[in-house]
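Chain residues, written in single-letter form:
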Amino acid sequence: MNYWLFKSEPDCFGIDDLKEMKIEHWDGTRNYQVRNMMRDDIKKGDMVLFYHSNAKKQTGVVGTCQVVREGYPDFTAMDPASEHPDPKHTEEKPIWYMVDVKFKSKFKNPVLLSTIKETPRLDGNRLTQKGNRLSVFPMEKKHYEAIVKMGE
DNA sequence: GCCAACGTTGGC
DNA sequence: GCCAACGTTGGC
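Below: a short report on this structure. (Residues numbered from 1 in each chain as written. Chains lettered and ligands numbered in written order. Predicted model: local features only at pLDDT ≥ 70, side-chain atom pairs only at ≥ 80, totals over all residues. Heavy atoms only, no water.)

**Description of the protein's contact with DNA strand C**
Logical step 1: Lining the immediate environment of DNA strand C, one finds Lys 7, Tyr 51, Ser 53, Asn 54, Thr 59, Leu 113, Lys 117, Arg 133, Leu 134 and Ser 135.
Logical step 2: Counted by atom, the contact set of DNA strand C within 4 Å of the protein is 64% sugar and phosphate.
Logical step 3: The contact in question runs from a phosphate oxygen of DNA strand C to an N or O atom on the side chain of Tyr 51, over 2.6 Å.
Logical step 4: Asn 54 is positioned with one of its backbone polar atoms (N or O) 2.9 Å from a phosphate oxygen of DNA strand C.
Logical step 5: Across the surface near DNA strand C, the residue classes tally to three nonpolar, four polar and three charged. (Near = heavy atom within 4 Å. Polar contact = N/O pair within 3.5 Å; in protein donor to acceptor, adjacent residues only side chain to side chain. Nonpolar A, V, L, I, M, F, W, Y, C, P; charged D, E, K, R; others polar.)

Set out below in structure tokens:
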């Protein structure tokens, strides 16, 4: 089993939205590195930290979810009314991929970015690496488990 | 709103 | 293939 961190802006789609919907597709990623992970690497059963980025209140990890469907074409790319339409993406030749995730938990204590930076046992995680702007990336098991422990 | 650090685009 | 210009992300 692998572990990941997914970023989302809470104004757009937050942990409470996922909690309500229970299962939702993680659409809208338009970055090739992320696309490759969505298509090839993220497997059913993998665990995901849900991260709120650009948050007015609290920027940090706010809960967890689990992958319930592996990579398939992001149909929102074909919808001109969607957030990120891409005319090059077609049914025959999809470019963008997404996975489905299922809500697992909302943290009692969100693990803030500032806390993650200050916690020595989280050293080396990708979130706080300089220049990392990917909205999806792998987490080491020990970091995943440490963050869940802190959150709950 | 600012800006650093990318990623993407397109002319050549 | 190079690289300048531009767009985006996301913390602050």
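That was the structure; now back to the text.
**A closer look at unusual backbone geometry**
Logical step 1: Of note in this structure, Lys 22 is not a glycine but carries a positive phi near 70 degrees.
Logical step 2: Its location among the elements puts Lys 22 in the loop between helix H1 (15-21) and strand E2 (23-25). (Helix = DSSP H or I, 4+ residues; strand = E, 2+ residues; numbered from the N terminus.)

**Description of the environment of Gly 71**
Logical step 1: For Gly 71, the location among the structural elements is in strand E4 (residues 60-73).
Logical step 2: Overall, Gly 71 belongs to the partly exposed group, its relative accessible area being 28%.
Logical step 3: Considering only alpha carbons, one finds Gly 71 and Arg 39, 32 residues apart in sequence, at a separation of 4.5 Å.
Logical step 4: Excluding anything up to four places from it in sequence, Gly 71 contacts Met 38, Arg 39, Tyr 97, Met 98 and Val 99. (Buried < 20%, exposed > 50% of the residue type's maximum accessible area, 1.4 Å probe, protein only. Contact = heavy atoms within 4.5 Å.)

**Describing the protein's contact with DNA strand B**
Logical step 1: Taken together, Tyr 32, Gln 33, Lys 130, Gly 131 and Arg 133 form the complete shell of residues around DNA strand B.
Logical step 2: Expressed as a percentage, the sugar and phosphate content of the atoms of DNA strand B within 4 Å of the protein is 67%.
Logical step 3: Contact between DNA strand B and Gln 33: a phosphate oxygen at 3.4 Å from a side-chain N or O atom of the residue.
Logical step 4: With respect to DNA strand B, the side chain of Arg 133 contributes an N or O atom lying 2.6 Å from a base oxygen.

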